[in-house]
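Secondary and tertiary structure notes
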Amino acid sequence: MPAHIPQGPKCVDRVRTNLVKATGCTAPKCIEKDRARPVRRFLLAEETTDYEKVLALHDWICSYMYYDVDSLASDEAPPYYATDIVKSRKAVCLGFATLMASLCRSIDIPCNVVSGYALGVGNDTAWTDTSIATDEQNHAWNEVYVDGRWMIVDTTWDCANKIENGEMNKGEVSHLYFDANLQFFSNNHKILEYSKRR
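Per chain, the residues get numbers from 1 upward, laid out in the order the sequence is written. Only residues with pLDDT of at least 70 get local features here, since the model is predicted, and only at 80 or more are side-chain atom pairs given and counted; chain-wide, interface and lining totals rely on the full set of residues. Side-chain measures were taken over the full set of non-hydrogen atoms in the model, leaving aside hydrogen atoms and water.

1. Let's talk about the packing of helix α3 (residues 50–64) against helix α5 (residues 93–106)
Note on geometry: axes are lines fitted to C-alpha atoms, helical ones only across the stretch in contact, with angles between N-to-C directions running from 0 to 180 degrees. Only DSSP runs of H or I covering at least 4 residues are called helices, and only runs of E covering at least 2 are called strands; the numbering of each starts at the N terminus. For the pair α3 and α5, interaxial distance at closest approach is 10 Å and the crossing angle is 145 degrees. Helix-helix and strand crossings are classified by hand; for α3 and α5 the assignment is right-handed. On α5, the residues that touch V54, L57, H58, W60 and I61 of α3 are F96, L99, M100, L103 and C104. Residues are grouped as follows: Ala, Val, Leu, Ile, Met, Phe, Trp, Tyr, Cys and Pro are nonpolar; Asp, Glu, Lys and Arg are charged; every other residue, Gly included, is polar. Partitioned by chemical class, the residues of the contact of α3 with α5 number nine nonpolar, one polar and no charged. Two helices that cross are described as forming a left-handed crossing if the nearer one is turned anticlockwise from the farther one by less than a right angle, and a right-handed crossing if clockwise. Note on contacts: a residue pair qualifies if any of its non-hydrogen atoms lie within 4.5 Å across the two residues.

2. Things to note about unusual backbone geometry
Phi angles above zero are rare outside glycine, and D147 is one such case at about 55 degrees. Between buried and exposed lies partly exposed: a residue is buried under 20% and exposed over 50% of the maximum accessible area for its type, with that area taken using a 1.4 Å probe on protein chains only. Using a relative accessible area of 58% as the deciding quantity, one classes D147 as exposed. Phi is positive for D179, close to 55 degrees, though the residue is something other than glycine. Its location among the elements puts D179 in strand β8 (residues 178–180).

3. Details of the packing of aromatic side chains
The geometry of an aromatic ring pair is captured by two quantities: the separation of the ring centres and the angle between the planes. Pairing of aromatic side chains requires ring centres within 6.5 Å, counting the rings of Phe and Tyr and the six-membered ring of Trp. Pairs whose planes differ by under 30 degrees are stacked, by over 60 edge-to-face, and all others tilted. In this structure the tally under the stated criterion is six aromatic pairs. With a centroid separation of 4.8 Å and 10 degrees between ring planes, the pair formed by W60 and Y64 is classed as stacked. With W60 and Y64 both in helix α3, this residue pair falls four residues apart, about one helical turn. You can call Y64 buried: its relative accessible area is 4%. Here the aromatic residues W157, Y177 and F184 are joined through ring pairs into a cluster of three or more.

4. Examining the pairing of strand β4 (residues 139–146)
When you tally the buried positions in β4, you get seven out of eight residues, the bulk of the element. Here, strands pair whenever DSSP counts at least two bridges between them. Relative to β4, strand β3 (residues 111–118) runs antiparallel, the two being bridged by six bridges. Residue pairing across strands places C111 opposite V144, the latter belonging to β4. Of the pairings in the sheet, the one linking β4 to strand β5 (residues 149–153) comprises five bridges and is antiparallel in character. Bridging across to β5, V146 finds its partner in R149. Between the end of β4 and the start of β5, which pair antiparallel, lie two residues, with D147 showing a positive phi angle near 55 degrees.

5. Some words on the pattern of salt bridges
Salt bridges, as used here, are contacts in which a Lys or Arg side-chain nitrogen is within 4 Å of a carboxyl oxygen on Asp or Glu. Evaluated as defined, the whole model comprises two salt bridges. Residue K53 is joined to D50 by a salt bridge in which the shortest nitrogen-to-oxygen separation is 4.0 Å. Of this pair, K53 and D50 both sit in helix α3, three residues apart, roughly one helical turn. Residue classification places D50 among the partly exposed positions, given a relative accessible area of 33%. Between D179 and R149 there is a salt bridge whose closest N-O contact spans 2.8 Å.

Set out below in structure tokens:
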């Protein structure tokens, strides 16, 4: 391991502190070393940029969390608080966005939760007069302030992990919706509301 990346017990303690600060979760399963390794590698190296830190958080969320398809057909609400999300490892889009915001804010990187309408969440696959005019919210993602600009991050759409019919299916992490440009993102997302604190 390169010398500039902190190691040892102090390093693990700092990761635990950041995860506990971000999520409020003190349960050992929430902060095991193997689950924090991707976060630790980037967040604790003083030379890394905020962009690299946000990328590390994105990749950790997309590899650790599972999109809860089963909850869409259930009367039981999926978890929306960072502590519950980390404990359960499952969420829908608002949970993913809330967790990303919590983790970014825990390392002093501004992050907003954005609610809007996304094609493909329901049956619609193309913009119509109705979907353009709707004020219905069916999706959530983030805007993160890095390098003097707000960048778009949608961890839900970059996470291929799913819980369906009670089974956890692991997928590959994508970066298609990490720092996506507005023109590309607008092909299937429409902003309806910003939430600076969640």
